[in-house]
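Spelled out from the first residue to the last, the chains are:
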Amino acid sequence: MAPSTEMAALHVENVGGIESTDVSLAPGVSVLTGRNATNRTSLLQGLMAALGSEAPSLKSDTATGSVELALDGETYTRTLTRESGTVTFDGSPYLDEDVTVADLFAFLLESNEARQAVADDADLRELLMRPVDTDSIQRDIASLRSERREIVQRLDDLSTLEADLPDLQARRDELDAEIDSVESELEAARQALEQATETATTDGELTDRLEALQERTSELDEVRFELEAERDSLDAVRAECADLDRSLSTFPEAPDEELAEVASELADCRERKQRLDSEITELQQTIQFNERMLDGGDLSVAQTSTADRTEADGVVCWTCGSAVDPADVERTVEQLRTLQSERREERATVQERIDALLDRQAELEESKRQREELRQRHDDLLAERAERARRVETLEQRRADLQSAVEDARDAVGSRESPDQSDTLDRHRAVNRAEFELEQLRADRSAVVEEIDDLQRELDQRADLLARREDIDAEIESLRGRIERLERTAVAEFNDHMSQVLDILDYTRLARIWIERQPESADSTGTALSESRFVLHIVRRTDDGTTYEDVIDHLSESEREVTGLVFALAGYLVHEVYETVPFMLLDSLEAIDSERISKLVGYVRPYTDFLVVALLPEDARALPDSYHRIRNV
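Residues numbered from 1 in each chain as written. Predicted model: local features only at pLDDT ≥ 70, side-chain atom pairs only at ≥ 80, totals over all residues. Heavy atoms only, no water.

A. Fine view of the pairing of strand 15 (residues 583-586). Going residue by residue along strand 15, you find Phe583 and Leu585 tucked away on one face and Met584 and Leu586 tucked away on the opposite face as well. Relative to strand 15, strand 7 (residues 107-108) runs parallel, the two being bridged by 2 bridges. Paired with phenylalanine 107 across the strands is leucine 585, a residue of strand 15. Sheet topology places strand 15 next to strand 16 (residues 610-615); 4 bridges connect them, and they run parallel. Bridge pairing in strand 16 places leucine 586 opposite valine 613. Following the chain from strand 15 across helix 12 (residues 594-604) to the adjacent parallel strand 16, one finds a crossover that is right-handed. (Buried < 20%, exposed > 50% of the residue type's maximum accessible area, 1.4 Å probe, protein only. Helix = DSSP H or I, 4+ residues; strand = E, 2+ residues; numbered from the N terminus. Pairing = 2+ DSSP bridges. Right-handed = clockwise from strand over helix to strand, strands pointing away.)

Written as structure tokens, this is what we have:
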């Protein structure tokens, strides 16, 4: 995104506590300076709305509001409408896609969830990883695991087939020996026939009849051979059909219904997770808002006049203007924190269910594919069985016809047959039998050789399957590594920036504040058994230079403020929010002294086109005069 060099113009109506205002924002740093309750936060909310956020509030005494942002020759508009107690947003904001990352890491108001994460002991990993579409990564991983299981099964099948190879080769060698033996027998039979033919008594009519008998006998032997082979094939097909019938009877039914249920539940879970994300964000904003009420801070909403109220009247309710006992507000805040914790636990449970559903979806799709393959093979075998049965029936009829023809030919030979001619006929039969046997052996050998060749071709695929399995393992590791690398980058950048900011702000009591990434565990197929955790560590330094590890509860308010800001900033840099969002917003920095605020602003400034900071006048004076000032909202 090219850096902006022109002023941005913002118009806000009925947002927060603003009725109507127009301001210009300069590239670089714009400082909103003023006392509390001067609508500085409301202006930032208006800018957030124009950029695409739905966190801003509508002015309490109106039903509609609007914002307009003119930037680099383009105008972005947004309308807010209250209906049945709910504010809806419409229009064409700057960000036309998901604004989660901007809400978390660019709009750093006091109620910002990432900024408050440290003080609230929130799930740091969940916050930093929320903008990442891990569901799609998990779906890719599930698909790859399914393919890997299929390859492993295929490799197991090949191992079984490979065990059959020696037997097939031995059978081929046996057939070679038998073929050699039968070829020798056939040669001897042909020589004997030739000798018998030379010595046989000549009788033309009888010779013709003998030749007809020989021809019919040869045809009958050939049909018998073909019929036997066809019956063997039919028996093999029937056996395979029976095996498939048994497999299909025990195989789960096509899981279309469960797949639809899983898809529906996945959609519900994802929607539920999104609702929980929204509820957690809203609860965080409500908690922070009520805390500001207790502190008497900038509420950024319209309030009824309290000139006639005393301090003893309590906190003024922003909705109705009546006095509220601070203890009641504190109890409400505590209840809201409890509810927020419950929602976070619920969100973690929902995410676990999403992961389980994705795995089940992959299993069901694989089961469906396997059943469809079995069903298709079964249908093919049924068709083949019917065809072979028809051919057996045809051959049986042909055999019966030839048997009748042979009998007729034998009757025709009758008493005219001489001993020499009878011997010749026997030798003809011997030659025919040897020829048929040789043909059958050669056919058997051809089938065995073809089976060996097919098996060898399948075994030749093993290298490709092994290579693909390695590729899948690498892809799974890469996909899982994408999240891991982002986590490591987030942790490294957080720790790096925390170290830099601590050096810049010179918090001598804080030796180090850092996050430790505790890795997830996984099984051999890459299935995550537990997610990684981000654990916050705080190292203190005493006056004599001794360091020791402390807990977040012992940090001062300013130290917590710096920690929260830098955590949010780490997410801003890790997710490169500056590539899509030209604004960064900072508010509620009162816990940090003015000199340190100036240093912090200088640290953030290079990363964004527009840095808009809301400050009290005394804090704003510590910033360079070159920064653009906005004093009236």
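Back to the text.
B. Geometry of the packing of helix 10 (residues 462-505) against helix 11 (residues 557-574). Running from amino to carboxyl end, helix 10 crosses helix 11 at an angle of 135°, the nearest separation of the two axes being 9 Å. Viewed along their axes, helix 10 and helix 11 adopt a mutual orientation that is oblique. Seen from above, helix 10 lies across helix 11 with right-handed handedness. Contacts from Leu486, Thr489, Ala490, Glu493, Phe494, His497, Met498, Val501 and Leu505 in helix 10 reach Val562, Thr563, Val566, Phe567, Ala570, Leu573 and Val574 in helix 11. Here the contact of helix 10 with helix 11 is composed, by residue class, of 12 nonpolar, 3 polar and 1 charged. (Axes fitted to C-alpha atoms, helices over the stretch in contact; angles between N-to-C directions. Parallel < 35°, antiparallel > 145°, perpendicular 65-115°, else oblique. Left-handed = near helix turned anticlockwise from the far one by under 90°. Contact = heavy atoms within 4.5 Å. Nonpolar A, V, L, I, M, F, W, Y, C, P; charged D, E, K, R; others polar.)

C. Focus on the sheet that holds strand 5 (residues 74-83). Strand order in the open sheet formed by 5 strands is 2-1-4-5-6, and the pairing between neighbours is antiparallel. Lying at the two open borders of the sheet, with one neighbouring strand each, are strand 2 (18-25) and strand 6 (86-92). Going across the sheet, the axis of each strand differs from the next one's by a mean of 10°, ignoring polarity. In the sheet, strand 1 (residues 8-15) pairs with strand 2 via 7 bridges, with the strands oriented antiparallel. Its bridge partner lying in strand 2, alanine 8 is registered against leucine 25. Sheet contacts for helix 1 (residues 40-51): strand 1, strand 2, strand 4 (64-71) and strand 5; angle to strand 1, the most-contacted strand, approximately 110°.

D. The arrangement of helix 12 in detail. Every buried residue of helix 12 is listed here: Ile597, Ser598, Leu600, Val601, Tyr603 and Val604. For helix 12, the elements touching its buried residues are strand 3 (28-33), helix 10, helix 11, strand 15, strand 16 and helix 13 (617-620).

E. Representation of the sheet that holds strand 13 (residues 533-541) in the model. Taking strand neighbours across the sheet as the criterion, the 3 strands line up as 10-13-14 in an open arrangement whose pairing is antiparallel. Either end of the sheet is taken by a strand with one partner, and the two such strands are strand 10 (510-518) and strand 14 (547-550). Sheet twist, expressed as the mean angle between neighbouring strand axes with direction ignored, is 30°. Taken together, the 8 bridges between strand 10 and strand 13 define a ladder with antiparallel strand orientation. Across the sheet, the residue bridging to arginine 517 is phenylalanine 534, located in strand 13. Against the sheet, helix 10 touches strand 10 and strand 13, its axis set at about 180° to strand 10.

F. Structural view of unusual backbone geometry. In the Ramachandran plot, aspartate 72 falls in the positive-phi region, its phi being about 50° despite a non-glycine side chain. You can call aspartate 72 partly exposed: its relative accessible area is 42%. At glutamate 576, a position not held by glycine, the phi torsion is positive, near 50°. Relative to the helices and strands, glutamate 576 resides in the loop between helix 11 and strand 15. A relative accessible area of 42% means that glutamate 576 is categorised as partly exposed.

G. Examining helix 10 more closely. Taking 1.5 Å of rise per residue, 44 residues should cover 64 Å, and helix 10 covers 62 Å from first to last C-alpha, within 8% of that figure. Once helix 10 finishes, aspartate 506 follows within two positions and takes phi at roughly 60°, a positive value. (Expected span 1.5 Å × (residues − 1).)

H. View of the pattern of salt bridges. Applying the stated criterion to the full structure yields 46 salt bridges. Salt-bridge contacts for aspartate 173 lead to arginine 172; the nearest nitrogen and oxygen are separated by 3.5 Å. With a shortest N-O distance of 2.8 Å, arginine 353 and glutamate 265 are connected by a salt bridge. Taken together, the residues arginine 353 in helix 8 (residues 326-413) and glutamate 265 in helix 7 (residues 256-295) connect sequence positions 88 residues apart. Take arginine 353: its relative accessible area is 38%, and that puts it in the partly exposed class. (Salt bridge = Lys/Arg side-chain N within 4 Å of Asp/Glu carboxyl O.)

I. Inspection of the packing of aromatic side chains at higher detail. The full count for this structure, using the stated rule, is 4 aromatic pairs. With a centroid separation of 5.1 Å and 70° between ring planes, the pair formed by tyrosine 76 and tyrosine 94 is classed as edge-to-face. Within this pair, whereas tyrosine 76 is found in strand 5, its partner tyrosine 94 is found in the loop between strand 6 and helix 2 (100-105), the two being separated by 18 residues in sequence. Residue tyrosine 94 is classed as partly exposed on the basis of its relative accessible area of 21%. (Phe/Tyr/Trp six-rings, centres within 6.5 Å; stacked < 30°, edge-to-face > 60°.)

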